[in-house]
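Topology and contacts: notes
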Amino acid sequence: VDGGDVTIDAADDGVHSDGSVGIGGGTLTIAAGDDGVHAEQRLEIRSGEVTVTGAAEGLEGVDVAISGGTVDVTASDDGINAAGNSEATTDGGMGGGMAGEADTGETLVISGGTVRVVAVGDALDSNGSITVSGGEVAVYGPTGGGEGAVDANGAITLDGGTLFVGGSTLKVPVGAQTWVSASVSGSAGSVVEIVDAAGAVVVSYTAAASFGAVLVSDAALTAGSSYGVVIDGATLASDPARLPDEA
């Protein structure tokens, strides 16, 4: 898909390929009974606007790569899911893994674009690895119960971009970029601010959904410095910014 304005309302998958799916432009608005966009192999979004207004799983492929465009997903299960290399590690092949299962080589890579995911299950899920190296990413998912906003059987690597996680991250991240996390709660519309020791706002987000924990990764955070987490004007937690491998 490289252009046009496409609206889909499907009982099963909105867009489905037994091979790969590439989106390089245009506007897609999808409501689906199963997956919003499903590829048995690679799913790549380079540009354009992709909005999944409702689906069981928003985007799914063995390898999912987002390098540009705008992606907005609302899902009743996993939001963006990299799965399918091994049926042995999932519920019938495609479908999310759980923390502690084997890394079967799938990849979910976000290197650019604007991505927002609100999910009942894992917002970002991979039976292999997850990498965020660019873009503006905000994802919301549960805290506890074996589900999280970010979940991977392999490594979760933070190397760039901006990342806001509303919910739990089920594995400690690795990579080059620092992060702050805290067990704090808020609602859709809550303003989440990360402030430095002097009280100056370093980064700020307006939550798109309720949350029970937060993780923020941004180039503006300095490893080893202490930051406060402010929700709607009240400081609820403080945490040092950490390089992922220092956690």
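In short, a report on the structure. (Residues numbered from 1 in each chain as written. Predicted model: local features only at pLDDT ≥ 70, side-chain atom pairs only at ≥ 80, totals over all residues. Heavy atoms only, no water.)

1. Observations regarding the overall build of the protein chain
On a plain count of helices and strands, the protein chain comes out with zero helices and 22 strands. The buried share of the protein chain, taken over its 247 residues, is 50%. Long-range pairs, those at least 24 residues apart, make up 46% of the contacts in the protein chain with a sequence separation of at least 6. Looking at the protein chain as shown, the accessible area adds up to about 9,100 Å², and 48% of this sits on carbon and sulfur atoms. (Helix = DSSP H or I, 4+ residues; strand = E, 2+ residues; numbered from the N terminus. Buried < 20%, exposed > 50% of the residue type's maximum accessible area, 1.4 Å probe, protein only. Contact = heavy atoms within 4.5 Å. Areas by Shrake-Rupley, 256 points an atom, 1.4 Å probe, with all protein chains shown as cover.)

2. Remarks on the side chain of His 38
Structurally, His 38 can be placed in strand E4 (residues 35-39). Polar contacts involving the side chain of His 38 include one to the side chain of Asp 35, which spans 2.6 Å. (Polar contact = N/O pair within 3.5 Å; in protein donor to acceptor, adjacent residues only side chain to side chain.)

3. Remarks on the environment of Val 165
As for its position among the elements, Val 165 is in strand E16 (residues 156-166). Separated by 25 residues in sequence, Val 165 and Tyr 140 have C-alpha atoms that sit 6.0 Å apart. What Val 165 contacts, discounting residues up to four positions off in sequence, is Val 139, Ala 149, Val 150, Ala 213, Val 214 and Leu 215.

4. Here's the deal with the nonpolar core
Counting 43 residues, the largest nonpolar core has Leu 59 and Ile 80 as the members making the most contacts within it. The residues contacting Ile 80, other than those within four sequence positions of it, are Leu 59, Val 64, Ile 66, Leu 108, Val 115, Val 117, Ala 123, Leu 124 and Asp 125. In terms of nonpolar packing, the next biggest core, distinct from the first, is built from 20 residues, Tyr 140, Tyr 205, Ala 207 and Ala 209 among them. (Core = buried A, V, L, I, M, F, W, Y, C linked by side-chain atoms within 4.5 Å.)

5. A look at the side chain of Asn 153
Secondary-structure assignment places Asn 153 in the loop between strand E15 (150-152) and E16. Within the structure, Asn 153 has its side chain in polar contact with the backbone oxygen of Asn 127 (distance 3.4 Å).

6. What to know about the pattern of salt bridges
Under the counting rule described, the total for this entry stands at four salt bridges. When the shortest N-O distance is used, the salt bridge between Glu 44 and Arg 46 registers 3.8 Å. Across the pair Asp 72 and Arg 116 runs a salt bridge whose closest N-O atoms are separated by 3.3 Å. Highlighted residues: Asp 72 in strand E8 (residues 70-75) and Arg 116 in strand E10 (residues 107-119), separated in sequence by 44 residues. Its relative accessible area of 35% is what places Arg 116 among the partly exposed residues. (Salt bridge = Lys/Arg side-chain N within 4 Å of Asp/Glu carboxyl O.)

7. Some thoughts on the sheet that holds strand E9 (residues 80-82)
Read across the sheet, six strands follow the order E2-E4-E6-E9-E11-E15 without closing on themselves; strand pairing throughout is parallel. The outermost strands of the open sheet, each flanked by one partner alone, are strand E2 (15-17) and E15. Here the average twist between neighbouring strands, direction ignored, is 10°. Looking at chain direction, E9 and strand E11 (residues 124-126) are connected through three bridges and run parallel. Bridge pairing in E11 places Asn 81 opposite Asp 125. (Pairing = 2+ DSSP bridges. Axes fitted to C-alpha atoms, helices over the stretch in contact; angles between N-to-C directions.)

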